[in-house]
Amino acid sequence: MIFDSDFLSPFLHNLKKISSNETALLHIMDFDLYFDDILILFLLFFLYNEGVRDYYLFIALILLLINGSGLGGSLFI
């Protein structure tokens, strides 16, 4: 089997450690960006550059970004 659990276990362990971290990874203009916020931003950038025309997907990702703990917490205060 190509995707053996021993092959992916170091990656999944590091990903779990990064994603469960409560501290912000990046501070920009009084916004705290966490791992999930950065991941959504890169996903939005990638989908836009690939010419994806699913506007509901963009709206859903932007709402996830706004309602996340990083941007949403300080955006509406």
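Residues numbered from 1 in each chain as written. Predicted model: local features only at pLDDT ≥ 70, side-chain atom pairs only at ≥ 80, totals over all residues. Heavy atoms only, no water.

### Section: the overall build of the protein chain
Inference 1: A count of helices and strands for the protein chain gives four helices and two strands.
Inference 2: Starting at the N terminus, the α and β elements of the protein chain follow one another as α-β-β-α-α-α.
Inference 3: Looking at the protein chain as a whole, 19% of its 77 residues qualify as buried.
Inference 4: Considering only intrachain contacts with a sequence separation of at least 6, the fraction spanning at least 24 residues in the protein chain is 33%. (Helix = DSSP H or I, 4+ residues; strand = E, 2+ residues; numbered from the N terminus. Buried < 20%, exposed > 50% of the residue type's maximum accessible area, 1.4 Å probe, protein only. Contact = heavy atoms within 4.5 Å.)

### Focus: the packing of helix α2 (residues 35-49) against helix α3 (residues 55-67)
Inference 1: Relative orientation of the contacting elements α2 and α3 amounts to 160°, with a least axis distance of 10 Å. Our classification of the angle between α2 and α3 gives roughly antiparallel. The crossing of α2 and α3 is left-handed. Between α2, through Asp37, Ile40, Leu41, Leu43, Leu44, Leu47 and Tyr48, and α3, the contact on the second element is made entirely by Leu57, Phe58, Leu61, Ile62, Leu64 and Leu65. (Axes fitted to C-alpha atoms, helices over the stretch in contact; angles between N-to-C directions. Parallel < 35°, antiparallel > 145°, perpendicular 65-115°, else oblique. Left-handed = near helix turned anticlockwise from the far one by under 90°.)

### Section: a nonpolar patch on the surface
Inference 1: A cluster of nonpolar side chains, Leu25, Leu26, Ile28 and Met29, forms an exposed patch at the surface whose accessible area comes to about 400 Å².
Inference 2: Turning to its location among the elements, leucine 26 is positioned in strand β1 (residues 26-28). (Patch = residues over 30% accessible without salt bridge, like charges linked within 9 Å, V, L, I, M, F, W, Y side chains within 5 Å. Areas by Shrake-Rupley, 256 points an atom, 1.4 Å probe, with all protein chains shown as cover. Salt bridge = Lys/Arg side-chain N within 4 Å of Asp/Glu carboxyl O.)

### Details of the confidence of the model for the protein chain
Regions with low pLDDT carry predicted coordinates that are not meant to be interpreted in detail.
Inference 1: For the protein chain, the average pLDDT comes to 76, and 60% of its residues sit at 70 or higher.
Inference 2: Within the protein chain, no element has a lower average pLDDT than helix α4 (residues 71-75), which sits at 49, and none a higher one than α2, at 93.
Inference 3: Low pLDDT (under 50) marks residues 73-77, which in the prediction has six contacts with non-local residues, meaning those over four places away or in another chain. (pLDDT = per-residue confidence, 0-100.)

### Some points on the nonpolar core
Inference 1: Counting residues in hydrophobic clusters, the biggest one holds six residues: Ile40, Leu44, Leu47, Phe58, Leu61 and Leu65.
Inference 2: Those elements that provide at least two residues to this core are α2 and α3.
Inference 3: Among residues more than four places away in sequence, those in contact with leucine 47 are Val52, Leu57, Phe58 and Leu61. (Core = buried A, V, L, I, M, F, W, Y, C linked by side-chain atoms within 4.5 Å.)

### Thoughts on the environment of glycine 68
Inference 1: Within the secondary structure layout, glycine 68 lies in the loop between α3 and α4.
Inference 2: Here glycine 68 falls in the buried class, since its relative accessible area comes to 15%.
Inference 3: Note: C-alpha distance between glycine 68 and aspartate 36 (32 residues apart in sequence) is 8.2 Å.

### A few points about α2
Inference 1: The terminal C-alpha atoms of α2, which comprises 15 residues, lie 21 Å apart, in line with the 21 Å expected from a rise of 1.5 Å per residue.
Inference 2: Within α2 the residues assigned to the buried category are Asp37, Ile38, Ile40, Leu44 and Leu47.
Inference 3: Within two residues after α2, glycine 51 carries a phi angle of roughly 80°, on the positive side. (Expected span 1.5 Å × (residues − 1).)

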